[in-house]
Structure formats: structure tokens, C-alpha cells
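Analysis of the macromolecular model
Listed below are the residues making up each chain.
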Amino acid sequence: MMPIVELIRLEENSKDGTFGVLKINKQVFCVTLELPDRLNRKNRSSIPAQQYICIRRMSKYGSTFEVADVPGRSAILFHPGNVVEETKGCILLAQHFGKLREKRAILNSGNTFRQFMGRMANDDRFHLTIREIY
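On a predicted model such as this, the values are computed, not experimentally measured, just so you know.

Conventions adopted
- Residues numbered from 1 in each chain as written.
- Predicted model: local features only at pLDDT ≥ 70, side-chain atom pairs only at ≥ 80, totals over all residues.
- Heavy atoms only, no water.
- Helix = DSSP H or I, 4+ residues; strand = E, 2+ residues; numbered from the N terminus.
- Buried < 20%, exposed > 50% of the residue type's maximum accessible area, 1.4 Å probe, protein only.
- Contact = heavy atoms within 4.5 Å.
- Polar contact = N/O pair within 3.5 Å; in protein donor to acceptor, adjacent residues only side chain to side chain.

1. Digging into the environment of phenylalanine 126
Here phenylalanine 126 shows up in strand β10 (residues 125–132). Given the relative accessible area of 0%, phenylalanine 126 is considered buried. Put simply, phenylalanine 126 and phenylalanine 65 are 61 residues apart on the chain and 8.8 Å apart in space, counted from C-alpha to C-alpha. Phenylalanine 126 has contacts with Met2, Pro3, Val5, Tyr52, Ile53, Cys54, Phe65, Phe78, Phe116 and Met120, leaving out every residue within four places of it along the chain.

2. Description of the side chain of arginine 9
As for its placement among the helices and strands, arginine 9 is situated in strand β1 (residues 4–13). Within the structure, the side chain of arginine 9 is placed 2.8 Å from the side chain of glutamate 34, a separation counted as a polar contact.

3. A few points about unusual backbone geometry
Residue leucine 39 is not a glycine yet carries a positive backbone phi of 60°. Mapped onto the elements of the fold, leucine 39 is located in the loop between β3 (27–34) and β4 (51–59). For aspartate 69, which is not a glycine, the phi torsion comes out positive at approximately 60°. Within the fold, aspartate 69 resides in the loop between β5 (62–67) and β6 (76–80). The exposed category is assigned to aspartate 69, whose relative accessible area is 73%.

See the structure below:
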């Protein structure tokens, strides 16, 4: 059975990004960071909140998942990173919220991303629902 993943956007800030949590099969797994909503502009915006299928892909981050069929966009990946400048329109995963060089960030990203990929090791795709509650 395909995993059910839910990204719940909790806070959007035009300077620091969009902060949220990621749930896998109804259990909170990690925190997320994305760009703020800028009308789905490539490399400048988060993607629209809706339902997607994510497909395993190889990238410069190694094996990861791409959010498929985003209107007008491609190469929206899950990957490690700590601050909004590292997202490039993708979804960053980390263990907890914090600060890095006096800037709001998400922390322990590399380990969390590896844990995410370990958790999804037997899956080539999953269902993703993005919701906003701010």
C-alpha cells in the first residue's frame, strides 16, 4: 500500500519562508521549510496546496522523491537544507525549528533526510496532501 504523506503548513513569512510539519501515515515525522507563496513562480514560490503523487528520482542529493504534476513546474524535490535560500522551490526536511547564523531555520536536516529516505526505502511513490492552517 502506498504511504500517505501530509505536509501541514503552519506559518508563512515572506522573509524566512513557510514552516510546517510532515506526517507519514498520520504520525508526525519531521519539520519542513519551503519558500513563501509567490503564485507558484518557478524557483521563487512554494507549490499550490493540493494533492500530488511523489515519485522516486535520482538527483544531486542522491535518491529522493519528486512531487509530480505540479502545474507549470518540475523538479520539485524533497531534500536536506536549513534556510529558505536552500529550497529553490523544493521541500526541505529537518528534525526541528531553530536558528542558524541568527536566521530562522530548520536543523539536523541531513540526518532527517536520510531517516526519511530510510522510512521510504520500500516505496517508489507516495500520496502527498499539502494543507495550510495559517
